[in-house]
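Each chain, letter by letter, is given below.
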Amino acid sequence: MIRLALLRHGHTDWNRQGRIQGASDIPLDDEARAGLAALRLPNDWATAELWSSPLKRATETAELVTRRAPRRAPELVEMNWGDWEGQRGLDLLATPGSGFRHIEDWGWDYHAPGGETPRDLWTRLKPWLARLDRDALAVCHIGVMRVLLARAHGWDFAGPAPFKIKRNRLYVLRLEGETLTPEGDPIRLIPLEGAA
């Protein structure tokens, strides 16, 4: 049995503007960098194998929180949002006929025009999960986390999610083959001594 901790990257300008980032390589903003530099991992995760999406916002989050370089896995890139990348979800919701809808109404096969479905993302993640051979920490994206947590909780992207993804927290899963099981409550990152 392997434990896998998931950590969402810090804020970017696009996050703060409500823009869909998907696979676009948007860096952290200065406020996020300062906040992450003042945090560290809990002791029992400090020596876990460190993985990251190759997108800047994830690798930089990994480096700031752990003070070491992560292994980069293309499988951990955010779900591709196709034609909707760079647009605001609220604007798409307000546009008749856009096809954009809330996550509670997705199902596993929902996708943006030219984008990936949650099922596509799960298919992409499975080979990476199969390579893990010890406890690991993956710094990634909300879409990746949603798919992995949905599998762990048995949620089908229908109705309210049984979890809420917050920043600066580790979401721990037990991994046995392709079976994921949630383990406990999310664990907060720890402020560095002397950090404001």
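Here, every reference points to the structure presented above.
Here the structure is a predicted model, which is why all the values come from computation and not from measurement.

Engineer: If you had to explain the packing of aromatic side chains to someone new, which residues and values would you point to?
Structural biologist: This structure, assessed with the given rule, holds 11 aromatic pairs. Here Trp-155 and Phe-157 contribute two aromatic rings whose centre-to-centre distance is 4.7 Å and whose plane-to-plane angle is 40°, an arrangement assigned as tilted. Look at Phe-157 and you get buried, because its relative accessible area is 1%. Trp-155 gets classed as buried once you look at its relative accessible area, which sits at 6%. Here the aromatic cluster, defined as three or more aromatic residues joined through ring pairs, consists of Trp-81, Trp-84, Phe-100, Trp-106, Trp-108, Tyr-110, Trp-155, Phe-157 and Phe-163.

Engineer: Tell me about the pairing of strand 3 (residues 49-52), and name the residues and values.
Structural biologist: Judged by which residues are buried, strand 3 turns out to be covered on both faces: Glu-49 and Trp-51 on one side and Leu-50 and Ser-52 on the other are all buried. Relative to strand 5 (residues 136-140), strand 3 is paired through 4 bridges, and the arrangement is parallel. Its bridge partner lying in strand 5, Leu-50 is registered against Leu-137. Two strands pair when backbone bridges link them, and strand 3 and strand 4 (residues 71-72) are joined in this way by 2 bridges, in the parallel orientation. Residue pairing in the sheet places Ser-52 in a bridge with Arg-72 of strand 4. With respect to chirality, the unit in which strand 3 leads through helix 3 (residues 56-66) into the neighbouring parallel strand 4 is right-handed.

Engineer: Tell me about helix 5 (residues 118-131), and please be specific about residues and values.
Structural biologist: Between its first and last C-alpha atoms helix 5 spans 21 Å; for 14 residues at 1.5 Å apiece the expected length is 20 Å, and the two agree. Largest kink in helix 5: about 30°, centred on Leu-125, with the proline Pro-127 one to four residues after it. All of the buried residues in helix 5 are Pro-118, Leu-121, Trp-122, Arg-124, Leu-125, Trp-128 and Leu-129. At its buried positions, helix 5 is contacted by strand 1 (2-8), strand 3, strand 5, helix 6 (142-153), strand 6 (169-176) and strand 7 (179-182).

Engineer: So what's going on with the side chain of Arg-124? Residues and values would help.
Structural biologist: For Arg-124, the position within the fold is in helix 5. A polar contact of 2.6 Å, which involves the side chain of Arg-124, links it to the side chain of Glu-116. Residues contacting Arg-124, with those up to four places away along its chain left out, are Pro-74, Glu-75, Leu-76, Val-77, Glu-78, Met-79 and Glu-116.

Each value, and the rule that gives it
- Residues numbered from 1 in each chain as written.
- Predicted model: local features only at pLDDT ≥ 70, side-chain atom pairs only at ≥ 80, totals over all residues.
- Heavy atoms only, no water.
- Phe/Tyr/Trp six-rings, centres within 6.5 Å; stacked < 30°, edge-to-face > 60°.
- Buried < 20%, exposed > 50% of the residue type's maximum accessible area, 1.4 Å probe, protein only.
- Helix = DSSP H or I, 4+ residues; strand = E, 2+ residues; numbered from the N terminus.
- Pairing = 2+ DSSP bridges.
- Right-handed = clockwise from strand over helix to strand, strands pointing away.
- Expected span 1.5 Å × (residues − 1).
- Bend = angle between axes of the 7 residues up to and from the residue.
- Contact = heavy atoms within 4.5 Å.
- Polar contact = N/O pair within 3.5 Å; in protein donor to acceptor, adjacent residues only side chain to side chain.

In short, shape yes, function no, at least from these values alone.
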